[in-house]
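An overview of the molecular structure
The primary structure of each chain is shown beneath.
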Amino acid sequence: MEDRNSYLKSERSQEWREELRKKIKAKDRTDVPRVKMNEVDASERVQSYIEVNSGLTQEQAQKEATRCVDCANPTCITGCPVEINIPKFIKRIEQGEFLEAAKVLKETSTLPAVCGRVCPQEKQCEANCFYTQKLKKEPVAIGYLERFAADYERESGQISIPEIKEKNGRKVACIGSGPAGLTFAGEMAKKGYDVTVFEALHEIGGVLKYGIPEFRLPNNIVDVEIESLKKMGVQFETNFIVGKTASIEDLKEEGFEAFFTGSGAGLPRFMNIPGENYIGILSSNEYLTRINLMHAADQTTDTPVVSGNKVMVVGGGNTAMDSVRTAKRLGAERAMIVYRRSMEEMPARLEEIEHAKEEGVEFMTLANPIEYFANEKGQVNQVKVQKMELGEPDASGRRRPIPVEGSEELIEVDTVVVSVGVSPNPIVPDSLPELKTTSWGTIQVNEETLQSSMPEMFAGGDIVRGGATVILAMGDGRKAAQKMDEYLKNK
Amino acid sequence: MKILETKYMGLRLKNPIIVGSCGLTASVEGLKRIAQSGAAAVVLKSIFEEEIIKEHEDTLKKKLGYQDNNLEFLDYFDYQLKNDVLKKTATLVEEAKKEIDIPIIGSLNCASSGEWISYAKNLEKAGVDALELNVFKLPFDIDQKPEEQEKLYLSIIDKVKENISIPVCIKIAPYSSNLAAMIKKLDDSGVNAITMFNRFYNVDFDIMTDEVKAGGTYSSDQDYYNTLRWISIMSGKVNCDLSASTGIHSAETAIKMIMAGATTVQVVSKLYKDGLGSIAGMLKNIELWMDKRGYLSIDEFRGSVHHEPKENSEKFERVQFMKYFSGHNPDQVI
């Protein structure tokens, strides 16, 4: 920690930083209003999958960068799970050195263009910004600037491929190609390992592709990162389910010496209420995967998704917002969120909630489905919803929902998307009886090393955490790579 | 050989003794031992919605990540916990069914009518022979109207009956502003049986540390009077079966309950105190008593001493001691 602090101090005292700080008075910096993200108009964007946020212009980015006062004690960094050197990359933007800014991001974050789009900065770096903490003003738009720098680098065609050590001839396997897996693969490739990523689906990217819709995270952003990894020598095997297509033992026989499991939390959860098996009731995983990955919105495909006019999405997280906004794009006249607490308690990012509202999504808060009904063909047509009220706060600090007796009402629907969370993917743990798991089905690891009960198996991301953010999964991938490297060197 | 067989909620029982819902009924091993001990049926340990809420709270406390990074994962985690509990119970029922041949009655304690339906359906699917609803919540809300609680009970029964086809019993508290009227309403709602009464967790104080602690856990052999009174009062007035619970520690008390009109008796505390072997003892003593009195079957004496408004109401309805102590000399006490 001390090392990190003195490193940050020495970075801050570099001449270019000192000069830049002197260029504009702190008072003038703090008077600049926060930049507004450019967006595609709601009426236009609901017609397609075009990305909602269109990024900042160079001028906007540089002006926003001037707001950062380059604090002596940069509290924003403590809010970042991978401790990006935030003032440094922002000052590089202010300076106009955008590629340098991207380099700073890449020192600790493998997927900055992704994080700039999907990280909950309002709870992380921006919540710890000097503006939020001391000035009680809107924080520096760190997330927008991160995205700007990463996008600039990608669009410039000057993507820096990290330096790779000489190949050491040792094979390691990565199970899953989500944010944890991709980060792990990149880090291990840098260290000279021969890395193969095994992906169960036909496309690489894990939750970044199947879970997050194009209008929030375009696939080409992820593809660019995958291309970089390929250039670094990482090999990808798609349609390969470790534990089914081949076992860990089979892979060991092929020469793989160690494994990283980043297979995520792709097992949908349901509420187990009457009628939940009717046709037209899907998990958000199924709904989004079929649309994002299987092109099921196109009714001419083999397995098109039912495109209801009245779509109810149950839940209040980002996945619920992604689902309901997708429904809107599929032409739903009425796309509703049903959430058992109030708007204030929703786990979804504020930005996503605002975008959903702008797009005409209806929010039925303090309501919870308790039963589904269907027509004679078994197709869901009504949901019985019970009103809720809020009781005392629970351990999350949010007021607990309590059912209001006798308040049930029926709501007409043709599609219901259940988005009440996910569980860890059970395939890898199920195939390895000796692998210790928790009562939740997550893989048990040593928190310091991310090593599992099988010494050659490391794990990270949602398969360990249950369900968390992209950046934490990336952090795990990075840490696991470092620890696996140490393990293999000492083996 | 006396005929102890009895019919409860349409289920044929070999005798009137049921092991009530408790920790003993929470495992296959426990259920096997209970069946071997001679009990005629068993009520599974209640699934408490309250416990699930508490576990959700504990999970949030322990597992909520820094900056709420896994809030979306934990937001509806109570449903996951609920499913786990129901799955465990389903497995318990499935395995127990292979091992024992006495009826298994499921037991639920939920806080709201919305949740009851799914729980009840799940237990029916798991194979329980009947369901006991353990509805009571301590009515300490000074703003709540008395009829609201009653309405809740009735709506729960209505919804559960609508959704499942196995017999349904409701376990009630001995407290109500008009217990007789409430029991009649429950009977009219179509419930198959009423268990009288629920025994609650008691509160006590430690006077040296000012701490609030748990009161005595078990009933005593003197705790049956209130149940006896109410079974007697209601047995001739309801169509559903009545199951007597609380303070049943001997064959004599069981006989009294049946005389009052109970179809079955539920024992728990006695088993914790004296072991499962006491069931055989109780059954033997019931038979000996029937022999002495010349009864051949349980049905012959069921309801023989219940409350008759025109004949013996004064004995059942009296609650003030009035003349009872008038013959005693207070000086003897002082």
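Thresholds applied
Residues numbered from 1 in each chain as written. Chains lettered and ligands numbered in written order. Predicted model: local features only at pLDDT ≥ 70, side-chain atom pairs only at ≥ 80, totals over all residues. Helix = DSSP H or I, 4+ residues; strand = E, 2+ residues; numbered from the N terminus. Rg over C-alpha atoms; globule rule 2.2 N^0.38 Å. Buried ≥ 20, exposed ≤ 12 C-beta atoms within 10 Å, placed from the backbone. Contact = placed C-beta atoms within 7 Å. UniProt positions renumbered as here; feature names shortened; annotations may be inferred. Nonpolar A, V, L, I, M, F, W, Y, C, P; charged D, E, K, R; others polar. Domains from an automatic or database assignment. Pairing = 2+ DSSP bridges. Axes fitted to C-alpha atoms, helices over the stretch in contact; angles between N-to-C directions. Core = buried A, V, L, I, M, F, W, Y, C linked by C-beta atoms within 7 Å.

So, about the overall build of chain B. Helices and strands together make up the secondary structure of chain B, namely 14 helices and 13 strands. Taking 20 Å as the expected radius of gyration for a compact globule of 334 residues, we find that chain B reaches 22 Å, a close match to that expectation. For chain B, the spread of C-alpha atoms along the three principal axes comes to 75 × 55 × 40 Å. Looking at the 334 residues of chain B, the share that counts as buried comes to 43%. Restricting the contact set of chain B to residue pairs at least 6 apart, pairs at least 24 apart contribute 71%.

For the bond from B:Met196 to B:Phe197, the omega torsion is 5°, close enough to zero to count as cis. Structurally, B:Phe197 is set in the loop between strand S9 (193-196) and strand S10 (203-206). You will see that A:Asn272, though not glycine, has its phi angle at about 65°, which is positive. By the element assignment, A:Asn272 lies in the loop between strand S7 (267-268) and strand S8 (281-283). For A:Asn272, a count of 16 C-beta atoms within 10 Å puts it in the partly exposed group. The backbone of B:Asp210 sits at a positive phi, close to 60°, despite the residue not being glycine.

Following the UniProt record, one finds the feature "domain: FAD/NAD(P)-binding" (unreviewed entry) at residues 171-477 of chain A. Across residues 171-477 of chain A, helical content stands at 27% and strand content at 26%; the span's end C-alpha atoms are separated by 17 Å.

Another aspect to go through is the interface of chain A and chain B. Each partner contributes residues to the interface: chain A has 30 residues there, and chain B has 27 residues. Of all the elements in the fold, those that place two or more residues in the side of chain A that touches chain B are helix H17 (318-329) and strand S12 (367-374) of chain A. Classifying every residue of the side of chain A that touches chain B gives 10 nonpolar, 14 polar and 6 charged.

All names here are of chain A. According to the domain assignment, chain A contains domain 1 (2-156), domain 2 (171-266 + 424-490) and domain 3 (268-422). Between the C-alpha centres of domain 2 and domain 3 the distance comes to 30 Å. Taken together, the contacts link 12 residues of domain 2 with 11 residues of domain 3. Here the side of domain 2 that touches domain 3 is composed, by residue class, of 6 nonpolar, 3 polar and 3 charged.

Another aspect to go through is the sheet that holds strand S3 (residues 171-175) of chain A. All names here are of chain A. Spatial strand order, S5-S4-S3-S6-S18: 5 strands in an open sheet with parallel pairing. The open sheet has two edge strands, strand S5 (235-237) and strand S18 (457-459), and neither has a second partner. Strand-to-strand twist of the sheet, defined as the mean angle between neighbouring strand axes without regard to direction, takes the value 25°. One ladder, built from 3 bridges, connects strand S4 (residues 194-198) with S5; its direction is parallel. Along S5, the bridge assignment pairs Phe198 with Glu237. With respect to the sheet, helix H12 (residues 179-190) is in contact with S3, S4 and strand S6 (256-261), its orientation differing from that of S4 by roughly 165°. Sitting on the sheet, helix H21 (residues 470-490) touches S3, S6 and S18, and the angle it makes with S6 is about 160°.

Residue and element names in this part refer to chain A. The strand order S8-S16-S9-S10-S11 describes an open sheet built from 5 strands, whose pairing is parallel. In this open sheet, the two strands that pair with only one neighbour each are S8 and strand S11 (362-365). Averaged over all adjacent pairs, the angle separating strand axes in this sheet is 20°, with direction ignored. Bridge count for strand S9 (residues 310-314) against strand S16 (residues 415-418) is 4 bridges, and the pairing is parallel. Bridged to Met312 within S16 is Val416.

Core analysis: the biggest nonpolar cluster contains 217 residues, and A:Ala149, B:Ala39, B:Val42 and B:Ile194 have the highest contact counts within it. In terms of residue count, the dominant contributor to this core is H21(A) (8 residues). For A:Ala149, the residues in contact, after removing those within four places along its chain, are A:Phe89, A:Ile93, A:Phe98, A:Ala101, A:Ala102, A:Leu105 and A:Pro112.

Further remarks concern the pairing of strand S11 (residues 211-214) of chain B. All names here are of chain B. In this sheet, S11 lies alongside S10 in antiparallel orientation, the contact comprising 4 bridges. When the bridges of S11 are listed, Asp206 appears paired with Glu211. Between S10 and S11, which pair antiparallel and follow one another directly, the connecting turn spans 4 residues, one of which, Asp210, has a positive phi of 60°.

So, about the environment of B:Arg12. All names here are of chain B. Mapped onto the fold, Arg12 is located in strand S2 (residues 11-13). Along the primary structure Arg12 and Ala40 are separated by 28 residues, whereas in three dimensions their C-alpha atoms are 9.0 Å apart. Beyond its immediate chain neighbours, meaning those up to four positions away, Arg12 contacts Glu5 and Lys7.

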